[in-house]
Every structure is written in C-alpha cells, then in structure tokens.
Amino acid sequence: MLLSLLLLIPFSGALGLLLWPTTQSSERIRIGAIVILAVQCVASFALLLPFDPTDAALQLVEQARWVHSIGLDYALAVDGLSLPLVLMNAVLCLVAAVASRSIDNRPRIYFALLLVISGAVNGAFLSQNLLLFFLFYELELIPLWLLIAVWGGANRSYAATKFLIVTAVSGMLILGAFLGLAFVTGTMDFSLRPILSGELGLKAQFLLMGALLIGFGIKIPLFPFHTWLPDAHTEASTPVSVLLAGVLLKLGTYGLLRFCLGLFPEAWQLAAPWLAAWAAISVLYGSLAAIAQTDMKRMVAYSSVGHMGYVLLAAAAATPLGLMGALFQMISHGLISGVLFLLVGVVYARTGTRDLNVLRGLLNPERGLPLTGSLMIIGVMASAGIPGMAGFISEFLIFRGSLQPFPVATLLSMVGSGLTAVYFLLLVNRAFFGRLAIAPGEVANPRILDPVALREQVPAIALSLGVLALGLAPELLSNLSEAATTGLSQLSGGLS
C-alpha cells in the first residue's frame, strides 16, 4: 500500500487543485501544491524504513489484476535501482513547486500538471509490468507539453510542439518493442523479467533492443536524438527546466538499464562495444556544443547531453562499479542541473538576459548577485567533477568501471569531462567576474540590480547541500543500491 500512496497522493492532489474554488489566490494554490508534494516527499522517504538494501530482489511488491486479458496488470515494486530515483523525483518536484513564485496565469492548472507529472514519474519507476510502465511513461508527456506551451517563453509553441512530436516517437518505439516481445514469445505476459537466451533468437533480441535503445535514446537524449532538448529548455520556465533535466531525462536512462540491459543481457553484451563508442561521441558532442553557446540556459542544456552519455558508457561496460556510477550520475546530475537551472533563472529574472556576451560582474557584492554567483560556482564545480562533490563520485566510478573493457571510449569521455570545466569556466568568468554590465552601453555606468531575497535562493541552497552531502558521504547512496547494481551486472555478464 505504501507504493500506491506515491500514486494516490499526487493524482488525488491534482484533482483536488482542479476542484479548488476559483476565488483562491495563486499563492494559496501554490502553498496547497507544496503541502501535497511535501507529504509525497515524506511518504517517499518512508520507503527507507522497510527497505532492505542488502536484498537485490524486488521489495514491497503490490499486485492486482487489472486488464488481464491484454496483459496489463497493476504491479508495483521497488529495488535499489528505482528507490533513489523515486526519492529524487519527490525532492525535485517539491523544489519546482517552491520555485514557482510568479505563476499568476491559471495557477490551478499549472500546479495540477506538476502533480500529475510527479505521480506519473513515480509510476514509471515503480512499475513491474511493461504496459503499465508505458502508460506512466506517456502520461507525463501531455502535462509537460502544456507546461512549456502555456507558461514558456516567446517561442514556446515551436519548442513544445517539437518536444511533443519527438518524444511521442520515443513512446511509439518503446510500445512497439514491448508488443513485439509479446508477438515473438507468443505470450501476453508483460511482467518485467529477464528474457532467457532460449526464448528469443539473437536477431529478435537485437531488433527489439534496438527499438528500445532509440526510444530511450530520444528521451535521455543521446546524440543525434537530442535536438529537442535545447529548444525545450530555452523556452521552458525555470521550475519546468528543473523537472525536465532532473527527473524526466532519467526515465530514459532508467529504461536503458531496466529494459535494454535487463531484458536483453545477451544482445546487450554483444552490442556493448558499439554502445561505448556511441556514448563517447555523445559526450564529446554535448561538451563541444556547450562551449559554442552564449545563452547560459542552452549551455546548461547541452551539458546534459554530454553528462547523460556517461550513463550509456557505464551501462555498456555493465561492471558493478560502472553501474553504481551510472546510478550516481543520474542522481548527481538531477541535483546539479537543478541548481544550475534555478540560478540561471535568478540571473534572468534580475537582468532580463542570459547572454554571456552581455553579462558581467554579477559576483560583485555591491552591485551584483554575490550569493547567486557563489552557488553557481558550487554548481559548476560539481558538474566538472571536482573532488568532494557528487559529480566527482559518479564520474570516478564510471571511468574506473569502464576503463578496462572500453579504454578508448573511456579516455575520450574523460576528455569530455575536461571540456565540462572549460565551458563552465567560460560561463562563470563571463557572467560573474569583471565589471557589472547588463547591456553593452551600460558598461561605463553599470546598473545596480535588485537584491535577491534569501527565500528565492532556498531551493538552490538545499540542492547544493545535497550535492555536497553525496560527495562527502557517497555511502548514503552506494549502501542503498550496491546489491541491485551488482545483481544487474551479474545478469549481463559484466563480472566476466
């Protein structure tokens, strides 16, 4: 029943907000959404009490027949792979609601959509039925499209439509692979289980796994399926960008591990060298594209393309250390990208621009944004893999776990990691150091910016503390997930 609460709380909360009297102010509606998401956060962390981290098997299983005739059953469970992602979803959805301070246009619908997305992501991470996973995977699509199309920037219609079309193709490929699995095996059993070599020939495994790879590769996104992401981030509001990068991209990486690697371990092992090469290309492309950006938000968006490539590299190696690093990367990237997008949003709100050719001196304590600049430095250091922060732990585990099986791809990815320091150093140097200027003509007479209230910085401060906590005490996550990632590695032959 505890897992079902993680669906019931956000979905019933969304319905409650929609039925809330229209006379309520936007601030009251926001507070109501924050309370609902705080309750969900408490319920999510309550899973830690009955959860046994030493057990690699599925736990807290909940099952019930639903539309059994087509193989769609209600089946939820949690393990060391999904639990950290459920916790991160709870935290980042709460942060997104807290950061949504300026929503005066249809606030009931806005916060109801946030709650629907939160519940759908929980359902996807907890589902143990392929069709049930697909339903939740698709359920977040329309709410996110609306959040971009209604509350986005000037070119929101283009960005939202592009996001909708491209990610709809992702869902079609995933559903096609799941239905193809039923057709090839001759069964309507869509329960989540590894496919034994005797059940499917290699040709069928490669065909079905390829469809899933492209489907999840679009969602992650990996090069060359990434083109929707920078546009979506650029036009999305700050809280929506936090959800998009921190939570929704992780549906793709989670699917990569749970379904591509988990369902087709034999085919995955044979395709691993090609997947490692794909990962290195994606890492380098994302890093080089980020260097070329002058818009702060697009730079952070392209950095996600590179950092998600590390997950594919670790998954290709499928060693215990590599898979633990992949999970660390998912969690650390969620927290770090949340910090960066929140701070970029603060800069844009105070200056009216994100152009690195215009911004200067924002770290200046008298005329700029000193706390914002300090937090930004923490965020970029974490993203660049500086020791003592979560980004270092994830990259070290991935590179250490992938170096032996794929030395060339790993070394190329290390180059991408070095490039991360380059483009974020450019961002910090251009925007936060030097003389304060909001426009080229104002260099000689810089404008004093409005101060940023501490309450506006609380979400970024909280996520920064999480980044530091995981960097200094990585056992908080490793102890929770080691059994599950080791079991997944053994399934794929990663130990051999």
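Residues numbered from 1 in each chain as written. Predicted model: local features only at pLDDT ≥ 70, side-chain atom pairs only at ≥ 80, totals over all residues. Heavy atoms only, no water.

1. Comments concerning the overall build of the chain
Of the regular secondary structure elements, the chain holds 18 helices and two strands. Relative to its length of 496 residues, the chain is compact, with a C-alpha radius of gyration of 22 Å against a globular reference of 23 Å. Considering only C-alpha atoms, the chain reaches an extent of 75 × 60 × 40 Å along its principal axes. Across the chain, the fraction of contacts at a sequence separation of at least 24, relative to all contacts at a separation of at least 6, is 80%. Accessible area for the chain stands at about 18,100 Å²; split by element, carbon and sulfur atoms hold 68% of it. Placing the 24 positive and 23 negative side-chain charges of the chain at their respective mean positions leaves the two points 10 Å apart. (Helix = DSSP H or I, 4+ residues; strand = E, 2+ residues; numbered from the N terminus. Rg over C-alpha atoms; globule rule 2.2 N^0.38 Å. Contact = heavy atoms within 4.5 Å. Areas by Shrake-Rupley, 256 points an atom, 1.4 Å probe, with all protein chains shown as cover. Lys, Arg positive; Asp, Glu negative; His and termini not counted. Charge placed at Lys NZ, Arg CZ, Asp CG, Glu CD.)

2. Notes on the pairing of strand β1 (residues 59-67)
Note: β1 against strand β2 (residues 72-78), five bridges, orientation antiparallel. By the bridge assignment for β2, E62 is matched with L76. The turn linking β1 back onto β2 is made up of four residues, and G71 within it adopts a positive phi angle of 85°. (Pairing = 2+ DSSP bridges.)

3. Some thoughts on unusual backbone geometry
Here the residue pair I220 and P221 is connected by a cis peptide bond, since its omega of -10° sits within 30 degrees of zero. Along the chain, P221 turns up in the loop between α8 (202-219) and α9 (228-235). Following F223, the chain continues into P224 via a peptide bond in cis, with omega recorded as 5°. Its location among the elements puts P224 in the loop between α8 and α9. The phi angle at L60 is positive, at roughly 55°, despite the residue not being glycine. Within the secondary structure, L60 is located in strand β1. Overall, the relative accessible area of 29% leaves L60 in the partly exposed class. The residue A318 is not glycine, and still its phi comes out positive at about 55°. (Buried < 20%, exposed > 50% of the residue type's maximum accessible area, 1.4 Å probe, protein only.)

4. Remarks on a nonpolar patch on the surface
Side chains of W66, V67, I70, L135 and M188 sit close together on the surface and give an oily, nonpolar patch of about 460 Å² of accessible area. Mapped onto the fold, M188 is located in the loop between α7 (156-185) and α8. (Patch = residues over 30% accessible without salt bridge, like charges linked within 9 Å, V, L, I, M, F, W, Y side chains within 5 Å. Salt bridge = Lys/Arg side-chain N within 4 Å of Asp/Glu carboxyl O.)

5. A few points about the pattern of salt bridges
As enumerated under the stated definition, the model contains seven salt bridges in all. Linking E27 and R30 is a salt bridge whose minimum nitrogen-to-oxygen distance equals 2.8 Å. Of the two residues, E27 and R30 are both situated in helix α2 (residues 26-45); the distance of three residues between them amounts to about one turn of the helix. Judged by its relative accessible area of 37%, E27 falls in the partly exposed class.

6. Observations regarding the environment of S241
Looking at where S241 falls in the secondary structure, it is placed in helix α10 (residues 238-263). Among the residues examined, S241 registers a relative accessible area of 0% and is labelled buried. Linking S241 and A301, residues 60 residues apart in sequence, is a C-alpha distance of 9.0 Å. The contact partners of S241, leaving out residues within four places of it in the chain, are H233, A236, G246, K297 and F341. There is a polar contact of 3.2 Å between the side chain of S241 and the side chain of K297. (Polar contact = N/O pair within 3.5 Å; in protein donor to acceptor, adjacent residues only side chain to side chain.)

7. A look at the side chain of T353
Of note, T353 is situated in the loop between α13 (320-351) and α14 (370-383). The buried category is assigned to T353, whose relative accessible area is 16%. In this structure the side chain of T353 is engaged in a polar contact, spanning 3.1 Å, whose partner is the backbone nitrogen of D355.

8. Digging into the confidence of the model for the chain
On average, residues of the chain score 87 in pLDDT, and 94% of them reach the 70 mark or higher. The least confident element of the chain is helix α18 (residues 475-492), whose mean pLDDT is 86; the most confident is helix α3 (residues 83-99), at 94. In this model residues 440-445 is a low-confidence stretch, pLDDT under 50, and it forms six contacts with partners more than four residues away in sequence or in other chains. (pLDDT = per-residue confidence, 0-100.)

9. Considerations on the packing of helix α5 (residues 130-139) against helix α6 (residues 141-151)
When two helices pack together, you describe them by how their axes are tilted relative to each other and by the distance separating the axes. Direction vectors running N to C along α5 and α6 enclose 10°, while the axes themselves pass 5 Å from each other. Judged on the interaxial angle alone, α6 and α5 are roughly parallel. Contact with α5, carried on its side by Y137, E138 and L139, involves L141, I142 and P143 of α6 and no other residues of that element. Considered class by class, the residues forming the contact of α5 with α6 number five nonpolar, no polar and one charged. (Axes fitted to C-alpha atoms, helices over the stretch in contact; angles between N-to-C directions. Parallel < 35°, antiparallel > 145°, perpendicular 65-115°, else oblique. Nonpolar A, V, L, I, M, F, W, Y, C, P; charged D, E, K, R; others polar.)

10. Some thoughts on the packing of α9 against α10
Interhelical geometry of α9 versus α10 gives an angle of 140° and a closest axis separation of 8 Å. From α9, W228, L229, A232 and H233 reach across to α10, where they touch S241, L244, A245 and L249.

11. A look at the packing of aromatic side chains
Working definition: an aromatic ring pair is given by the centre-to-centre distance plus the angle between the planes. Taken as a whole, this structure holds 17 aromatic pairs when the rule is applied. Look at F178 and F259: their rings are 5.6 Å apart centre to centre, the planes differ by 55°, and that puts the pair in the tilted class. On the criterion of sequence distance, the pair formed by F178 in helix α7 and F259 in helix α10 is long-range, its members being 81 residues apart. In this structure, F178 and F259 share a single accessibility class: buried. Aromatic side chains F392 and F396 sit 6.0 Å apart centroid to centroid with 25° between the ring planes, which places their arrangement in the stacked category. Linking F392 with F396, this pair stays in helix α15 (residues 390-402), spanning four residues, or about one helical turn. A relative accessible area of 48% places F396 in the partly exposed class. (Phe/Tyr/Trp six-rings, centres within 6.5 Å; stacked < 30°, edge-to-face > 60°.)

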